[in-house]
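If you want the building blocks of each chain, they are given just below.
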Amino acid sequence: PPAGCKLHAPFLADRASVRLAEADYDVAIEDSLAALAVKSDLAIAHFRLGAAYFGKEKFDEAISSYEKARKCDPSLGDQVKAKLRQVNSAREVQQRKAREEERAREREQQEASLKEKREREEAARLERAEKAAAEAKAKAERSRLKELERKEKAAREKEEKEARASNKEAEA
């Protein structure tokens, strides 16, 4: 690239810094990558690219960019170490949050499953109760009909007995 382009790279890296301050991480990434396209060993561009990736929670890319910054400029070692600790801490928080969300989902699934089971058991219990009530009603109806038949039979027998008694009196 022409010599003027090499001078352009630090300006792109500086513009990435402004975008980082505005939390416009996508544009900061674009500016950092543009600066690195012009000057691939520009440590500050790698460093700002790492910061932009960190802002987007792309932790693997952030670590890679910070490591490249340290490789290009060893004097950034302490700053890179601090940033790497920050990235690792954020990654741990993200992983912990993901585990907590997974546990919450599992709990919700277990609760939903338990609720479904309880509802099925309640439905089965109600069905058994309704069946038992229907059987009891049918049994009561059968008993009522038997009692009615017994009373009718008893009434017929009484009438027959009275008719025989009256026939005996009439014959006598």
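What counts, and where the lines are drawn
- Throughout, a residue's number is its position along its own chain's written sequence, starting from 1.
- Under the rules for a predicted model, residues below a pLDDT of 70 receive no local features and side-chain atom pairs below 80 are neither given nor counted, while totals for whole chains, interfaces and linings still include all residues.
- Only hydrogens and water are set aside; all other atoms, that is, all heavy atoms of the structure, feed into the side-chain values.
- Here is the rule: rings of Phe, Tyr and Trp (six-membered ring for Trp) pair when centre to centre is within 6.5 Å. Planes less than 30 degrees apart are stacked, more than 60 are edge-to-face, and the remainder are tilted.
- Each residue is assigned to one of three classes by its accessible area relative to the maximum for its type, calculated with a 1.4 Å probe on protein chains only: buried under 20%, partly exposed between the two thresholds, exposed over 50%.
- Helix and strand definitions here come from DSSP, where helices need a minimum of 4 consecutive H or I residues and strands a minimum of 2 consecutive E residues; each element is numbered from the N-terminal end.
- In what follows, residue pairs with any heavy atoms lying within 4.5 Å of each other are defined as contacts.
- One fewer than the residue count of a helix, multiplied by 1.5 Å, yields its expected span.
- Note: the arc covers the axis-to-C-beta directions of the helix.
- Patch membership is restricted to residues that have no salt bridge and whose relative accessible area is over 30%. Joining uses 9 Å for like charges and 5 Å for the nonpolar side chains Val, Leu, Ile, Met, Phe, Trp and Tyr.
- Exposure was quantified through the Shrake-Rupley algorithm and a 1.4 Å probe, taking into account, for residues, occlusion by the shown protein chains and nothing else.
- The rule for a salt bridge is simple: a side-chain nitrogen of Lys or Arg has to be within 4 Å of a carboxyl oxygen of Asp or Glu.
- None of His or the chain ends enter the tally, which takes Lys and Arg as positive and Asp and Glu as negative.
- A charged residue contributes its charge at one atom only: NZ of Lys, CZ of Arg, CG of Asp or CD of Glu.

A. Examining the packing of aromatic side chains more closely. Per the stated rule, a full pass over the model turns up 2 aromatic pairs. Residues Phe 54 and Phe 59 carry aromatic rings whose centres are separated by 5.8 Å and whose planes lie at 50 degrees to one another, so their mutual orientation is tilted. Overall, the relative accessible area of 6% leaves Phe 59 in the buried class.

B. Structural detail: the side chain of Ser 65. Relative to the helices and strands, Ser 65 is located in helix α4 (residues 59-72). The residues touching Ser 65, leaving out its near neighbours within four places in the chain, are His 46, Leu 49, Gly 50 and Tyr 53.

C. Spatial organisation of α4. The end-to-end C-alpha separation of α4 is 20 Å, in line with the 20 Å expected for 14 residues at 1.5 Å each. Along α4, the residues classified as buried are Phe 59, Ala 62, Ser 65, Tyr 66 and Ala 69. One face of α4 carries all of its buried residues, which in axial projection span an arc of 125 degrees. Turned more than 90 degrees away from the buried face of α4 sit Asp 60 and Lys 71, all of them exposed. In this structure, the buried residues of α4 make contact with α3 (43-55) and α5 (77-171).

D. Main features of a negative patch on the surface. A cluster of acidic residues, Glu 157, Glu 159, Glu 160 and Glu 162, forms a negative patch at the surface. As for its position among the elements, Glu 162 is in helix α5.

E. Representation of the environment of Ala 23. If you trace the backbone, Ala 23 turns up in the loop between α1 (3-21) and α2 (25-38). For Ala 23 and Arg 142, which are 119 residues apart along the polypeptide, the C-alpha to C-alpha distance reads 83 Å.

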